Amino acid sequence: MKAPETATVFAGVDGRTERELPEWYSAGTDTDEIVSFAEAVRNLPRASETRIAYENPYTGEWVETDRYNAVVEPNRLIAQAGGNPDEDPLFSVPSDSYTIINPTDVYGPLENVLREETYEGTPLAELVFGEIRQYRGGGEIHMDLMFDGLSVTLPDRNDPITMGVTSGYDFFGSNAVYIEGFAQDGYCENSIRSLTDRQVVKHVGDIDGFGPWWESVLAQLELVADDLFGFITDAQEITVDFSDVPFDLEEFYTLLDIPEYLAQQAANDARANAPDPFAIDMWTLHSGATHALTHFFRGKEGGALDAYVRTANDILFNPQGTLEQVERAYEEQVDTETGEDGQTGLESQLALAQIERVSEDVREKAATFEEREEALRERFAQAAE
């Protein structure tokens, strides 16, 4: 993933709480640079409005307008006025219906919720940690908030899969304030994004009530953890035998429209972590994809990354749909190789039959996955409302 302009690691809600990162997360982190969540939020650029005008090219006059306002960073306005011409305070020029939502508007109420809510007797204020990433001069923000101990631990691993949320916004009109379920696998530092549907608050009208919003969402995280554990354990029982299908592991990912450079990394990781490098379960296939996206994706957050994350998550949450997509993509390849007489070659027919047998094995469990996924997304959506 494209490196942010600034990344801040935080632990603890404020200076009154312990600022200690989990051991699995702190590797390679300068602990002297860790700040509290409250400090990290208050260090983020904020926005304010100022009036604008446009030039009439026929008269050379500047005409003021009330239909639009410039969204600017106030500290940079001050620096610019003080003789620093390199400071660019302008974020965007939206219509007059745009409402600025500053970091403390969204995350100030969260601080209070973290102080009040507990997990297994410990205040969330002491458990919270994560990272805030800035892009485009601080006008675009994405953050991962996790809670030490609120996790899923698989039977064959010591490192936890820690639960949390991803949240963010921008001042350019592209990203409303959003929140979605998130987890990070401490075993391989893979980020499991978009665990739930994204819930948003647009920059329009009166903005209020973030406290109850956070309260409801965080109350669901323990249930989301239970759901995730169920998905993983079921996906571990569904295996694709690559010695019995007409494509290799890397091609499995490219058939899902994952770029070749990512497919290669995903295949390498899945093969390295599979007990049997030829028969690989859906959880390991998903983990390979998230490994590639977390550590090797060349773009930035949002856009294409979100699409690839959905594809990777389908391997875990919707294995039947994933295999059906692979089957369709392979059939399209076969169609292009069909002879002039319109007959599909015997080898290709056998290959399609092999894929179909794998899909049939998955269909038996499809209903269980569908019911659990629907419950997962509905629970989080209802909480956000």
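Scope of this entry: the structure provided in the associated data block. Remember, it's a predicted structure, so these values are computed and weren't measured experimentally.

**Here we look at the packing of helix H4 (residues 103-116) against helix H6 (residues 210-219)**
Then, number 1: For the pair H4 and H6, interaxial distance at closest approach is 8 Å and the crossing angle is 50°. On the basis of the axis angle, H4 is oblique to H6. Viewed along their axes, H4 and H6 form a crossing whose handedness is right-handed. Within the contact between the two elements, H4 uses Asp105, Val106, Tyr107, Pro109, Leu110, Val113, Leu114 and Glu116 and H6 uses Phe210, Gly211, Trp214, Glu215 and Leu218.
Then, number 2: Among the residues forming the contact of H4 with H6, the class breakdown is 9 nonpolar, 1 polar and 3 charged.

**Describing the nonpolar core**
Then, number 1: Of all hydrophobic cores here, the largest spans 94 residues; its most connected members are Trp214, Leu228, Phe252, Tyr253 and Leu285.
Then, number 2: Ignoring anything within four residues of it in the chain, the contact list for Tyr253 reads Ile258, Ala263, Ala266, Ala267, Ala270, Thr284, Leu285, Gly288, Ala289 and Ile315.
Then, number 3: Counting residues in hydrophobic clusters, the runner-up holds 9 residues, among them Ala11, Ile34, Met146 and Phe182.

**Some details on helix H11 (residues 304-317)**
Then, number 1: Taking 1.5 Å of rise per residue, the 14 residues of H11 would be expected to cover 20 Å, and the 20 Å separating its terminal C-alpha atoms lies within 8% of that figure.
Then, number 2: Counting buried positions along H11 yields 10 of 14 residues, so the element is predominantly enclosed.
Then, number 3: Taken as a whole, H11 has its buried residues at Leu305, Asp306, Tyr308, Val309, Thr311, Ala312, Asn313, Ile315, Leu316 and Phe317.

**Brief notes about H4**
Then, number 1: Helix length check: H4 (14 residues) gives 20 Å between terminal C-alpha atoms against 20 Å at 1.5 Å per residue, within 8%.
Then, number 2: Taken together, the buried positions of H4 are Pro103, Val106, Tyr107, Gly108, Leu110, Glu111, Val113 and Leu114.

**As for the side chain of Thr311**
Then, number 1: Mapped onto the elements, Thr311 comes out in helix H11.
Then, number 2: A residue is classified by how much of its surface remains accessible, and Thr311, at 18% relative accessible area, is buried.
Then, number 3: For Thr311, the residues in contact, after removing those within four places along its chain, are Leu256 and Ile258.

Quick notes on the rules
Residues numbered from 1 in each chain as written. Predicted model: local features only at pLDDT ≥ 70, side-chain atom pairs only at ≥ 80, totals over all residues. Heavy atoms only, no water. Axes fitted to C-alpha atoms, helices over the stretch in contact; angles between N-to-C directions. Helix = DSSP H or I, 4+ residues; strand = E, 2+ residues; numbered from the N terminus. Parallel < 35°, antiparallel > 145°, perpendicular 65-115°, else oblique. Left-handed = near helix turned anticlockwise from the far one by under 90°. Contact = heavy atoms within 4.5 Å. Nonpolar A, V, L, I, M, F, W, Y, C, P; charged D, E, K, R; others polar. Core = buried A, V, L, I, M, F, W, Y, C linked by side-chain atoms within 4.5 Å. Buried < 20%, exposed > 50% of the residue type's maximum accessible area, 1.4 Å probe, protein only. Expected span 1.5 Å × (residues − 1).

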